[in-house]
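Chain by chain, the residues run as shown.
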Amino acid sequence: MCGIVGYTGSRQSSRILLEGLKRLEYRGYDSAGIAVISPEKKISRYRCRGRIANLERLIEGEHPEGNTAVGHTRWATHGRPSDENAHPHTDCSGQIVVVHNGIIENYLRLKKELSSAGHRFTSDTDTEVIAHLVEDELNGEVSLAEAVRSALKKLQGSYALGVISSSEPGRIIAARKDSPLIIGLGEDGNFLASDVPAVLPYTREFIFLEDGDKAVIESGSVTVSGADGAETERKPLTVSWDPVMAEKQGYRHFMLKEIYEQQRAIQETVMGSLVRDTGKVIFEDFNMEPAAIRKIKKIFLIGCGTAYHACLVGKFLLEDFLKIPCEVDIASEFRYRQPPIDSETLVMAVSQSGETADTLAALREASSRGAFTAAVCNVLGSTMTREAGGVIYTHAGPEIGVASTKAFTSQLTAFYLLTLHLGIIRGMLDEKKALEISEALIHLPNKVKHILDTQNETIKEIAHRYFKKKNFLYLGRNINYPIALEGALKLKEISYIHAEGYPAGEMKHGPIALIDGEVPVVVIATRSCVYEKVLSNIEEVRARDASVIALASEGDSTVSELAEDIIYIPETMEIFTPLLNTVPLQLLAYHTARLLGCDIDQPRNLAKSVTVE
Ligand code: M6R
């Protein structure tokens, strides 16, 4: 997904931008570029297809001087990945420079009109129309900010925008609509970015722009105006992530580092809200009064990809403990169906980034139809956290690897906390039961560490045995069925091996036709109410010559007699097995992808944050 970095201040800007763009590489991109205003008020622009390293090589030796600049990593939506389509884009004169995230929906019509009026286009992008529209408006009588404001009135679609012009060096004009944009407040200059890690080494003070906001950023000042055009105050927030947290810390990949950070991420998510002595939960930003909680008649859980899998686990918990009907929807589907929703419906959007376009649209839809909405989110200040009626924060810290790991287990943790919270208030959990659950929850982080300490080598060996296989099947039942889906998703995302997750009992209704000696079958067979049923499913698989890789509870000797390979999971309450079972499946995907030499942190075709529909 595209990324934006900008800087204006007393320092040389090109180095800051290149570093910032590198920190955005995790978002996924196909080309990159920067534009710098020189002391002589000339624009130097460098763009190329491929990695930031290519851009660095292009700039090497030129050392473009200048204190104001904007840069971009592009993930193609309009026009193929190429040098010409890489941002920044300019007007005809090359003096107005634009970087843009989002999609301009009416760009074809605008491009036609601008071309007829004599503008020359040099790319296939939707973005370039913005530069030419600003050029039309900037006639010597209005400021760059005013010209941008007028140009924006003609745009339909979404944008996070950074605009600079050689006519006003020392100034960046920013604007956002349906695409995230932040301003970092520094000591010797100010920053523009699409997300926080880009400029974390320079500041922790951020203004999170809201939809419709425009800003004028100068070295020593930031002025924001809201959707109505009036100047407005946006209070800066202090972000506690430090830059080191956003680096690899000696791990070969961000994904592996993030798998190992799960002990801490779960602990922090729990400790952020749980009162250990009583089992009660305090969600500071949930904003739903006990009276309203008692009135909930129905819950919808909405998310995409991995977050959707967290919702599936959430459904088991909420229906089991609260006895409230709960539906789970893939966000892009929820948007276009019409389920009955009213003020006694709770709709929860689950998202690591808080910016996923489909989930955000579903959240807006739910809120427009009168539901109480809440977000389970990892990114403070993200759009969802600002638009939802309430928020439950996961405290996973920045997740850089495109494949979600610690964000997922933190989302599961948030669902455990939510179950406790709603269960206590609705009188479905007495203190004894609440304490039993919360005690088990508190011990989960150590159990995650135990799996990482004791099973990693075994999992590496298993990956060695199977990494050349072309298809995998993942089976689970009941509350662990979503973990079969998640295990399969992890493997396909990062190793490009075809993998299917299935409820084990459903296998005989079709997928069993695929099973032969060439298809390894990963079976989640930890102790549970469906344990015996899963053993029968393993027998069905073995009868078709497939190799079984089983997840079993420590001390289980039955499964070890049935499976070729076995990964042991410490005992816990059944409701917590999804979280523990997730960890070895992440490692299995990781080691397999590594053996195949895949680009683990930035898998092909994927983006960390999908901010377009
Ligand atoms: O930021 P979000 O949690 O809303 O992202 C949702 C999905 O795009 C995300 O989980 C995706 O499926 C990951 N690549 C999974 O590893």
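Values in this document were obtained by computation on a predicted structure and should not be read as measured data.

1. Quick notes on the pairing of strand β18 (residues 298–303)
- Among the six residues in β18, five count as buried, and that is most of the element.
- Bridge count for β18 against strand β20 (residues 345–351) is five bridges, and the pairing is parallel. From the neighbouring strand, I302 faces β20, where its bridge partner is A349.
- Sheet analysis places β18 next to strand β19 (residues 326–330), joined by five bridges and oriented parallel. Paired with I302 across the bridge in β19 is D329.
- Each parallel crossover has a hand, and the one from β18 via helix α9 (residues 305–322) to β19 is right-handed.

2. Considerations on the sheet that holds strand β8 (residues 171–177)
- Taken in spatial order, the seven strands of this open sheet run β5-β6-β7-β8-β12-β13-β14, and their pairing is antiparallel. Pairing within the sheet leaves two strands with one partner each, and these edge strands are β5 (89–90) and β14 (231–232).
- With two bridges connecting them, strand β13 (residues 222–225) and β14 associate as antiparallel partners. Among the inter-strand pairings, S225 is bridged to a residue of β14, identified as E231.
- In the packing of helix α4 (residues 128–137) onto the sheet, the strands contacted are β5, β6 (96–101) and β7 (159–165), and the crossing angle to β6 comes to about 140 degrees.
- Sheet strands in contact with helix α5 (residues 144–152) are β7, β8, β12 (214–218) and β13, and its direction is about 145 degrees off that of β7.

3. Brief notes about the domain arrangement of the protein chain
- Domains assigned within the protein chain are domain 1 (3–242) and domain 2 (254–596).
- Taking only C-alpha atoms into account, the centre of domain 1 sits 38 Å from that of domain 2.
- Contacts between the two partners involve eleven residues from domain 1 and, on the opposite side, 14 residues from domain 2.
- Looking at the side of domain 1 facing domain 2, the largest losses of area belong to Y26, F208 and W241, adding up to 51% of the total buried there.
- The interface formed by domain 1 and domain 2 holds two salt bridges in total.
- Across the pair R364 and D211 runs a salt bridge, and its minimum N-O distance is 3.3 Å.
- Applying the counting criterion to the domain 1 and domain 2 interface returns four residue pairs in polar contact (both at pLDDT 80 or more).
- Looking at the side of domain 1 that touches domain 2 residue by residue, the class counts come to seven nonpolar, no polar and four charged.

Criteria and thresholds
- Residues numbered from 1 in each chain as written.
- Predicted model: local features only at pLDDT ≥ 70, side-chain atom pairs only at ≥ 80, totals over all residues.
- Heavy atoms only, no water.
- Buried < 20%, exposed > 50% of the residue type's maximum accessible area, 1.4 Å probe, protein only.
- Helix = DSSP H or I, 4+ residues; strand = E, 2+ residues; numbered from the N terminus.
- Pairing = 2+ DSSP bridges.
- Right-handed = clockwise from strand over helix to strand, strands pointing away.
- Contact = heavy atoms within 4.5 Å.
- Axes fitted to C-alpha atoms, helices over the stretch in contact; angles between N-to-C directions.
- Domains from an automatic or database assignment.
- Buried area = accessible area lost by both parts, 1.4 Å probe.
- Salt bridge = Lys/Arg side-chain N within 4 Å of Asp/Glu carboxyl O.
- Polar contact = N/O pair within 3.5 Å; in protein donor to acceptor, adjacent residues only side chain to side chain.
- Nonpolar A, V, L, I, M, F, W, Y, C, P; charged D, E, K, R; others polar.

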